[in-house]
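One letter stands for each residue in the lines below.
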Amino acid sequence: MAEWLLSASWQRRAKAMTAAAGSAGRAAVPLLLCALLAPGGAYVLDDSDGLGREFDGIGAVSGGGATSRLLVNYPEPYRSQILDYLFKPNFGASLHILKVEIGGDGQTTDGTEPSHMHYALDENYFRGYEWWLMKEAKKRNPNITLIGLPWSFPGWLGKGFDWPYVNLQLTAYYVVTWIVGAKRYHDLDIDYIGIWNERSYNANYIKILRKMLNYQGLQRVKIIASDNLWESISASMLLDAELFKVVDVIGAHYPGTHSAKDAKLTGKKLWSSEDFSTLNSDMGAGCWGRILNQNYINGYMTSTIAWNLVASYYEQLPYGRCGLMTAQEPWSGHYVVESPVWVSAHTTQFTQPGWYYLKTVGHLEKGGSYVALTDGLGNLTIIIETMSHKHSKCIRPFLPYFNVSQQFATFVLKGSFSEIPELQVWYTKLGKTSERFLFKQLDSLWLLDSDGSFTLSLHEDELFTLTTLTTGRKGSYPLPPKSQPFPSTYKDDFNVDYPFFSEAPNFADQTGVFEYFTNIEDPGEHHFTLRQVLNQRPITWAADASNTISIIGDYNWTNLTIKCDVYIETPDTGAGWIIYALGRVEVTAKKWYTLTLTIKGHFTSGMLNDKSLWTDIPVNFPKNGWAAIGTHSFEFAQFDNFLVEATR
């Protein structure tokens, strides 16, 4: 572990040495008294000349899309444990902000999330899982900030166009109904609302949205724009007084710790409203630790929000394991509290929205950075990071080279902080397993006789938090069950009368929306089914397929048999991209059929109602994959008695 020096005074050296030698957390790390004479930078932390910008919190995104899909299917107590690690104050990541996707029925990275209004006259505020997730977050932290943002929109809003701004009033109405529904049906107060994730904004739409919010008595709901780049929205605000007035926060994505000149000229709050998106290894943790400090130091960003909250989607989908933690096996209960959780804790457990940055923040002489925040009531938190270039690259943008090397850093507390008697110390070291520590509490630092100064010996890839708060905690639970592959035999008859969630366990919709359905026309075997409910292509965010599909299982499967009852509600004709066999069968709408698909190596066979349609047709691609159900186009269809039997 890195050597460190906490020097308070010559008189306290003996006590400091004893404390360091006896600290179990430091593994008997030597305290270097010679560091008092070593050259290094000196950094003053002072509030005499006022404070910096107000801190708005650290958070994460659920959605964009379907990133929390598998979380809801975890059995207890593991599901609650995962939620505690994310949201419980003074326990784990202790997030201040939860940002969720307003489901729009379209593919938005790792799947689709259902809209509360599939059609113009349809409203349902119990679809999906974001309502549940927000309530679970609020249950743990009543003060958590909630944000909603659309990625895609249901097709009816576009009136035939792939564009949400055809009717500005209608789209604003759609978004406001989501906010009103959150309160009416779930007692959730949405604090901020966005425009259209990483896509075009419309200034007139933003103004209409503000007016409609006010008309509904939602003056407290603030607007973030535009969840894309700094430049266009900032320039527009400087030229348009009404737009300037209605936008409360300028949010940019993956800003590389820098904000644009026009954004700063507005004087508005600046947020990195989506960042990180990096594999949650120690490299990802280094990325996260660096930007949490430097987004403010370099770009005056007072909030940073990670995509994504928890990697609860099949890992082979895009951006696998790019969450703060990993929970992708509800069938086993296995999850991993990854290092970005504990990097988050260095800031989140010792600050709160409403605190203020000090003006005296900046970069360390030999690489790294430091920030300090106060609640204005005497509390102080200092976060120091020395993340190296090699071990802190985020997935985007490109990171220019910089160097970090061992250094001694002296910090001097002045102003109202000069009389602070003691600071609690928390430490993280990323890298080799033999040297690795995550969010370890060290001996506290006494400053009574030090004139408010102390010196640290800093090495690469370290995080220190020094704070007056004594409430920090590294929460823990017994280890979860071991990782297991998806069951080789899996069946679901969808016989759920009052489902708590609208989607069947472990199915991950990729195009279209598949929901539990009560078939009132069939009181018998097919009374409860799974139904594909879209008959219109949504306003897309990504390149949605033309045929609906929901996947399940193990991506590495090579030999499998899938059997499912299907019911075509509306007749349609057509075939897939590749035709492997031609023939004629009697298939009509509004009748149940049993389809069976068998794949063995490079050969496939198919059956209809247990009668062979084709046998041992060679198929060379794909060589492996999930099981799936779906429709040839956006049309209503039902599925029942799903069964898959597979081997790798």
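Refer to the structure printed above.
Residues numbered from 1 in each chain as written. Predicted model: local features only at pLDDT ≥ 70, side-chain atom pairs only at ≥ 80, totals over all residues. Heavy atoms only, no water.

Colleague: Quick rundown of the state of the cysteines? Include the residues and the values.
Modeller: In a disulfide, the sulfur atoms of two cysteines are held together by a covalent bond. All told, the structure shown has 1 disulfide when counted by the stated rule. One disulfide in the model links cysteine 287 with cysteine 394; its S-S distance is 2.0 Å. Across the S-S bond linking cysteine 287 and cysteine 394, the dihedral sits near 100°, which makes this disulfide right-handed. In this pair, cysteine 287 sits in helix H9 (residues 282-299) while cysteine 394 sits in the loop between strand S17 (380-385) and strand S18 (407-413), placing the two residues 107 residues apart along the sequence. Neither cysteine 287 nor cysteine 394 differs from the other in exposure class; each is buried. Note on cysteine 322: no disulfide assigned, nearest cysteine sulfur contributed by cysteine 287 at a separation of 9.8 Å. The class for cysteine 322 is buried, based on a relative accessible area of 4%. (Disulfide = S-S within 2.5 Å. Helix = DSSP H or I, 4+ residues; strand = E, 2+ residues; numbered from the N terminus. Buried < 20%, exposed > 50% of the residue type's maximum accessible area, 1.4 Å probe, protein only.)

Colleague: Now, about the pairing of strand S23 (residues 489-492): what can you tell me, with residues and values included?
Modeller: One face of the sheet, then the other: side chains in a regular strand alternate in exactly this way. Taking every second residue as pointing to the same face, the buried face of S23 carries Tyr490 and Asp492, while none of Thr489 and Lys491 on the other face is buried. Across 4 bridges, the pairing between S23 and strand S33 (residues 637-647) is antiparallel. Pairing of threonine 489 across the sheet is with glutamate 645, part of S33. (Pairing = 2+ DSSP bridges.)

Colleague: Would you mind going over helix H6 (residues 231-239) in detail, with residue names and values included?
Modeller: For H6, every residue scored as buried is listed here: Ile233, Ser234 and Met237. Seen along its axis, H6 keeps its buried residues to an arc of 100°; they face one direction. In this fold, the buried residues of H6 make contact with helix H5 (203-215), strand S7 (222-228), helix H7 (241-246), strand S8 (249-253) and helix H8 (261-266). (Arc of directions from axis to C-beta. Contact = heavy atoms within 4.5 Å.)

Colleague: Please set out the packing of helix H3 (residues 130-140) against helix H4 (residues 168-186) residue by residue, giving values where relevant.
Modeller: Across the interface, H3 lies against H4 with an axial gap of 12 Å and an inter-helix angle of 60°. One element, H3, and the other, H4, form an angle in the oblique class. Crossing geometry of H3 relative to H4 is assigned as right-handed. On the side of H3, the interface is formed by Trp131, Met134 and Lys135, while H4 contributes Trp178, Gly181, Ala182 and His186. (Axes fitted to C-alpha atoms, helices over the stretch in contact; angles between N-to-C directions. Parallel < 35°, antiparallel > 145°, perpendicular 65-115°, else oblique. Left-handed = near helix turned anticlockwise from the far one by under 90°.)

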